[in-house]
Each structure stands twice: as structure tokens, then as C-alpha cells.
Amino acid sequence: MLDIVLQGEKVQLLAERAMYWPAQKMLVVADLHWGKSAHFRKHGIAIPGNTQTQDEVKLAKLISQYSVERLVIAGDMFHSKHNKEVDVFSHWRKGHEDLYIDLVTGNHDILPQEMYEGWNLQLHTHGLKVGPFFIAHDVPEDCPDFCIHGHIHPAIRISRRGHNTIKLSCFCEDEDRFILPAFGQFTGTHVLDPAEHKHIYVIAEEAVMKWT
């Protein structure tokens, strides 16, 4: 965990690829892509069957550990159309009935609206304003507030003398936005150039470190 200050608010960057906002008892995540592994298996691509289960357990542990009262998902909660892994979310939701969940819809969130409503998710199709932040899936054009978003799945490559180059997921801060890493483990990443951003916070196993 790493404490930083964004727009005057203390937030905590978690190695589990999430951001916790203590003052709001709010957990913010992006790009879970639940159902993606089942989608790939359906098309004949061999993917481990417990990928989504691990992400669900990880999220449940964070909610319990930090006594989270509000979960904000910054887009791409699900990967595609309805499948068995989407059904599993119904059971996860029943175990967290008192949790307030906002879903800022992303480009992959294409399930029927009644399904989201049945899970008691608060849908936001154009972003969510909370305090000094505007939470979106991708950075909107002409955003008047500091934007927190996902979609990019940011990572950087790190080279060490005598060692192989490694790729690590990261949080990325700019003057007017903050990019969240993909929460889902089966998502892929997009490598950024650290020189093009104000600060990079690298996720290395169980720690988050300021890289630049």
C-alpha cells in the first residue's frame, strides 16, 4: 500500500490493483473483465477455469479488510455477453448485499440494463462526479474535473543490468488525470513511457512503489 494525495484527498494505492479512499470508505477499481476467460474457452482457447474466482475472492477480501461501504467500478466490469461466469456474480452480490456499487459503464459492459439493475448496481453512462474527482472508464474530452479512469491497463517495462526485462502493472498520474491498472488478472496490459507522465506508481508483488 502507498499513501498519496490527489487533489487534496488522501488515497491509498493497493498492490491488489485498486485505490482506496478512506474519507469516503470507497474502493475504486477498473477493468475486471469478468467472464473473459469463459468467453475465450467458448472459442476453443485454453484458459484456467479459476481465473475469475481468484479475482472475486481478492475483491471480497479488500472489501472486508478496509470495511468498504461503496465500491466504484470504472468500467468493463464484464467482458462480453452473458455466460456462466456472469451468473457467478449473482452469488457474489448476494454475499455483499449491503455494499453500495456504482458501475461507470465501459465499452465491454454490453449486458442488458435489467441485469445490472437486478444486481442493484447504480449505472452511470457518462461518468460519476464524487468530490474533486470525475470517475470515468476512459478519459472524457474536455473534462472539467480531475479524472480517474481505467481502460488503458497501464504497465511499464523495467530493465536491470544482468537481469531480464520485466513488465509491471502500474498506476499513472498526470496533471489532470489518474489512470487505474486493470483489476482483473486476465486482461493484458499496455506499456507506457514513464517520461510522458508526471508520476508512475509501480505494482511489484505485494508493494506499490513510486517509480517516477
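Look up a bit, the structure's there.
Residues numbered from 1 in each chain as written. Predicted model: local features only at pLDDT ≥ 70, side-chain atom pairs only at ≥ 80, totals over all residues. Heavy atoms only, no water.

## Some thoughts on the overall build of the protein chain
Phase 1 of the analysis: In terms of helices and strands, the protein chain carries 4 helices and 16 strands.
Phase 2 of the analysis: Counting over 212 residues, the protein chain shows a buried share of 50%.
Phase 3 of the analysis: Accessible area for the protein chain stands at about 10600 Å²; split by element, carbon and sulfur atoms hold 48% of it. (Helix = DSSP H or I, 4+ residues; strand = E, 2+ residues; numbered from the N terminus. Buried < 20%, exposed > 50% of the residue type's maximum accessible area, 1.4 Å probe, protein only. Areas by Shrake-Rupley, 256 points an atom, 1.4 Å probe, with all protein chains shown as cover.)

## Things to note about the nonpolar core
Side chains of a nonpolar character, in soluble globular proteins, are inclined to be buried together.
Phase 1 of the analysis: The biggest cluster of nonpolar side chains holds 27 residues, and the ones touching the most others in it are Leu27, Val29, Leu59, Leu71 and Phe78.
Phase 2 of the analysis: Only strand S3 (18-21), strand S4 (26-29), helix H2 (51-65), strand S5 (70-73), helix H3 (84-94) and strand S6 (100-104) provide two or more residues apiece to this core.
Phase 3 of the analysis: With residues near it in sequence (within four places) discarded, Leu27 still touches Leu14, Ala18, Met19, Tyr20, Leu59, Leu62, Val68, Arg70, Leu71 and Val72.
Phase 4 of the analysis: Membership of the second largest hydrophobic core comes to 25 residues, among which are Leu13, Met19, Trp21 and Leu180. (Core = buried A, V, L, I, M, F, W, Y, C linked by side-chain atoms within 4.5 Å. Contact = heavy atoms within 4.5 Å.)

## Brief notes about the sheet that holds S6
Phase 1 of the analysis: The strand order S1-S2-S3-S4-S5-S6-S7 describes an open sheet built from 7 strands, whose pairing is mixed. The open sheet terminates on both sides in strands that have one partner only, identified here as strand S1 (2-6) and strand S7 (121-124). The sheet shows a mean angle of 25° between the axes of neighbouring strands, direction not considered.
Phase 2 of the analysis: Two elements, S1 and strand S2 (residues 9-14), share 5 bridges in a ladder whose sense is antiparallel. (Pairing = 2+ DSSP bridges. Axes fitted to C-alpha atoms, helices over the stretch in contact; angles between N-to-C directions.)

## A look at the pattern of salt bridges
Phase 1 of the analysis: All chains considered together, the criterion is met by 6 salt bridges.
Phase 2 of the analysis: With its nearest N and O atoms 3.5 Å apart, the salt bridge here joins Glu69 to Lys25. Taken together, the residues Glu69 in the loop between H2 and S5 and Lys25 in the loop between S3 and S4 connect sequence positions 44 residues apart.
Phase 3 of the analysis: Take Glu69: its relative accessible area is 47%, and that puts it in the partly exposed class.
Phase 4 of the analysis: On the basis of relative accessibility, which here comes to 37%, the residue Lys25 falls in the partly exposed class.
Phase 5 of the analysis: Notably, a salt bridge pairs Glu173 with Lys198, separated by 3.9 Å at the nearest N-O pair. Of this pair, Glu173 sits in strand S12 (residues 166-173) while Lys198 sits in the loop between strand S14 (190-191) and strand S15 (199-204), and the two are 25 residues apart along the sequence. (Salt bridge = Lys/Arg side-chain N within 4 Å of Asp/Glu carboxyl O.)

Any link to function would need more than the numbers given here.
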